[in-house]
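What follows is each chain in one-letter form.
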Amino acid sequence: MLEIKNLNVKLEEEDKQILKGVNLTIGEGEVHAIMGPNGSGKSTTSYVLSGRDGYEVTDGTVMMDGEDVLAMEPEERAAAGIFLAFQYPVEIPGVGNMTFLRTAVNAQRKARGENELSAGEFLKIVREKAKSLKIDAEMLKRPVNVGFSGGEKKRNEILQMAMLEPKVCILDETDSGLDVDAMKLVAEGVNALRDGKRSFVVITHYQRLLDYIKPDVVHIMAAGRIVKSGGPELALEVEHNGYADILKAEGVEA
Ligand code: ADP
Ligand code: MG
Ligand code: MG
């Protein structure tokens, strides 16, 4: 479904190579976890997939269902089904959550060539999804993320994800700064969105999250590429021994 081949990326502003040949193939319905030391290029990978400014792809390809992702504008990528959950969700004072969600959903439907949802249709869907994610209806009426607790912001993000029905969801350290209960909520939300077709890329520092979101594959990223891949046991190995042994065994200087 998503195939990243030999992705090389440098900063636009500086002559600094950040990604040095990332290879990653994610099949339909699969959950892939990416772990790795700080500064190894995990966030950069997710930004480049979503089409953020400031990066230049110097080599490699990203294909999704046979389409060239790198040739698409950010909105087109979203419409094609790539969703990036932010590490730090933004607060938008003065914009109601409901309005925000409806605008986002309708913009995406338009880009997909689908008709916009009426207020009534939208309300029905958002209420259903909120209920299934155990999100209080009250939260839908408040301004986007303003005064939300860390856990509420994360749940809200999962709701955005549920409403946009992406094909590939990328969660970049969505668990950072969360207590165990909030982490479980994120995991429950993700698990509720697993349907055998939708794929997930979960970037995390903590093995613990992977107790709740069971990954099919765990990758270790270091120095701008994926240096090792394995099953869930690889995350346990990292939890117990850190990265040093793995990097040494793979001959990586990080
Ligand atoms: P990770 O998410 O794995 O911690 P990042 O992708 O955030 O790593 O960063 C990878 C490397 O690229 C780091 O050395 C970081 O400092 C550098 N980097 C990323 N974006 C920028 C930027 N806009 N300006 C300067 N350095 C950057
Ligand atoms: Mg980081
Ligand atoms: Mg990061």
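Preceding block: the structure.
All values derive from a computational prediction rather than experimental measurement. (Residues numbered from 1 in each chain as written. Chains lettered and ligands numbered in written order. Predicted model: local features only at pLDDT ≥ 70, side-chain atom pairs only at ≥ 80, totals over all residues.)

### A closer look at the pairing of strand 10 (residues 199–203)
Moving residue by residue along a regular strand, the side chains alternate between the two faces of the sheet. For clarity, the threshold we go by: Three classes are used. A residue is buried when 20 or more other C-beta atoms lie within 10 Å of its own, exposed when 12 or fewer do, and partly exposed in between, with C-beta atoms placed from the backbone. Per the convention used, a helix needs a DSSP run of H or I reaching at least four residues, while a strand needs a run of E reaching at least two, with both numbered from the N terminus. At least two DSSP bridges between two strands are required for those strands to pair.
The buried count for strand 10 comes to five of five residues, which makes it a mostly enclosed element. On strand 10, burial covers both faces: Ser199, Val201 and Ile203 on one face and Phe200 and Val202 on the other are all buried. Pairing analysis gives four bridges linking strand 3 (residues 31–35) to strand 10, with the strands arranged parallel. Of the residues in strand 10, the one forming a bridge with isoleucine 34 is isoleucine 203. Alignment of strand 9 (residues 168–172) against strand 10, held across five bridges, turns out to be parallel. Bridge pairing links cysteine 169 to phenylalanine 200 in strand 10.

### Structural notes on the environment of proline 215
Basically, it comes down to this: This entry defines residue contacts through backbone-placed C-beta atoms, with two residues in contact when those atoms are within 7 Å.
With respect to the secondary-structure elements, proline 215 resides in the loop between helix 8 (209–212) and strand 11 (217–222). Overall, the presence of 22 C-beta atoms within 10 Å leaves proline 215 in the buried class. When residues no more than four places from it in sequence are discounted, the contact partners of proline 215 are Val31, His32, Ala33, Val202, Leu210 and Pro232.

### Here we look at the packing of helix 3 (residues 97–111) against helix 6 (residues 150–164)
To be explicit about the condition: Throughout, an axis means a line fitted to C-alpha atoms (over the contacting stretch in the case of helices), and angles, computed between N-to-C directions, take values from 0 to 180 degrees. An angle counts as roughly parallel when it lies under 35 degrees, as roughly antiparallel when it exceeds 145, as roughly perpendicular when it falls between 65 and 115, and as oblique in every other case. Put simply, a crossing is left-handed when the front helix is turned counterclockwise from the back one by less than a right angle, and right-handed when it is turned clockwise. Polar here means any residue other than Ala, Val, Leu, Ile, Met, Phe, Trp, Tyr, Cys and Pro, which are nonpolar, and Asp, Glu, Lys and Arg, which are charged; Gly is therefore polar.
At a closest axis distance of 10 Å, the pairing of helix 3 and helix 6 adopts a crossing angle of 30 degrees. One finds that helix 3 runs roughly parallel with respect to helix 6. As helix 3 runs across helix 6, the sense of the crossing is right-handed. For the pair helix 3 and helix 6, contact is made by Asn97, Leu101, Ala104, Val105 and Gln108 and by Asn156, Gln160, Met163 and Leu164, respectively. Taken together, the residues that form the contact of helix 3 with helix 6 break down as five nonpolar, four polar and no charged.

### Quick look at helix 6
Applied cut-off: The span you would expect from a helix comes to 1.5 Å times its residue count less one.
Between its first and last C-alpha, helix 6 extends 21 Å over 15 residues, near the 21 Å set by a 1.5 Å rise per residue. Looking only at helix 6, the buried set comprises Lys153, Lys154, Arg155, Asn156, Glu157, Ile158, Leu159, Gln160, Met161 and Ala162. Close packing links the buried residues of helix 6 with strand 6 (82–85), helix 3, helix 4 (119–132), helix 5 (137–141), strand 9 and helix 7 (180–193). Glutamate 165, located one to two residues past helix 6, shows a positive phi value of around 45 degrees.

Geometric values such as these leave the question of function open.
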